[in-house]
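Coordinate analysis (summary)
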Amino acid sequence: MSDSHTKRVRIKHMRRTRAHQRLRNRINGTTERPRLAVFKSLRYIYAQVIDDQNGHTVAHASSTEPELKVGDAGCNIEAARKVGEAVADRAKAKGVQQVVFDRGGAIYHGKVKALADGARAKGLEF
């Protein structure tokens with residue numbers, strides 16, 4: 001790989017990290033309203049409902065789970081929507097009705113938006 005490519009990748013990673021840190025300064029999950037955190041890798045998408053006060057995960061789902069995969073793709077918009085629906089069902093089963101959305105520094109568009117829409121469709125309130 002060329003040095004310019006490596007530099008671009010590093011800059012993109014730093015931008016996302018800084019954006020996520022700015023979000024985390026404002027967003028904090030409580031026991032009544034935990035944080036729905038989204039992490040998007042190049043292959044998969046992950047979602048967790050986190051109670052920051054007690055420091056534990058209430059519910060989680062990811063596109064690595066066989067029942068949430070759509071075709072051969074690990075992460076596309078349809079898989080992201082299914083992950084959102086699954087995490088909403090699991091959170092509601094634990095008694096969570098409202099969450100704070102943490103997009104993890106990613107832009108609210110495409111897969112992140114599809115995950116949020118899937119969670120809203122299953123009754124999770126943001």
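Our subject is the structure listed above.
The structure displayed is predicted, hence computed values, not measured ones. (Residues numbered from 1 in each chain as written. Predicted model: local features only at pLDDT ≥ 70, side-chain atom pairs only at ≥ 80, totals over all residues. Heavy atoms only, no water.)

Let's shift gears to the packing of aromatic side chains. The description of two aromatic rings rests on the distance between their centres and on the angle between their planes. Applying the stated criterion across every chain yields a total of three aromatic pairs. Pairing Phe 101 with Tyr 108 gives two aromatic rings, centres 6.0 Å apart and planes at 85°, and the pair type is edge-to-face. Of the residues examined, Tyr 108 reaches a relative accessible area of 34% and is grouped as partly exposed. The structure contains a cluster of three or more aromatic residues connected by ring pairs, namely Phe 101, Tyr 108 and Phe 126. Arg 120 extends its terminal NZ or CZ atom over the ring of Phe 126, reaching a point 4.4 Å from the ring centre. (Phe/Tyr/Trp six-rings, centres within 6.5 Å; stacked < 30°, edge-to-face > 60°. Buried < 20%, exposed > 50% of the residue type's maximum accessible area, 1.4 Å probe, protein only. Lys NZ or Arg CZ within 6 Å of the ring centre and 35° of its normal.)

This part is about the pairing of strand β1 (residues 35-40). For a regular strand, the rule is simple: side chains alternate between the two faces of the sheet. Inspection of the sheet shows β1 paired to strand β2 (residues 45-51) by six bridges, in the antiparallel sense. Across the sheet, residue Leu 36 finds its bridge partner in β2, namely Val 49. (Pairing = 2+ DSSP bridges. Helix = DSSP H or I, 4+ residues; strand = E, 2+ residues; numbered from the N terminus.)

This part takes up the pattern of salt bridges. Under the definition given, this model contains ten salt bridges. Between Asp 117 and Lys 113 there is a salt bridge, and its shortest N-O distance comes to 3.1 Å. Residue Asp 117 and its partner Lys 113 are located together in helix α3 (residues 111-121), separated by four residues, close to a single helical turn. Residue classification places Asp 117 among the partly exposed positions, given a relative accessible area of 33%. If you follow the salt bridges from partner to partner, you end up with Arg 24, Arg 35, Asp 52 and Asp 102 in one network. (Salt bridge = Lys/Arg side-chain N within 4 Å of Asp/Glu carboxyl O.)

Attention shifts here to α3. Those residues of α3 that fall on the buried side of the exposure criterion are Val 112, Ala 114, Leu 115, Ala 116, Gly 118 and Ala 119. Packed against the buried residues of α3 are β1, β2, α2 (77-93) and β4 (100-102). Two residues or fewer past α3, Gly 123 is found with a positive phi of approximately 100°. (Contact = heavy atoms within 4.5 Å.)

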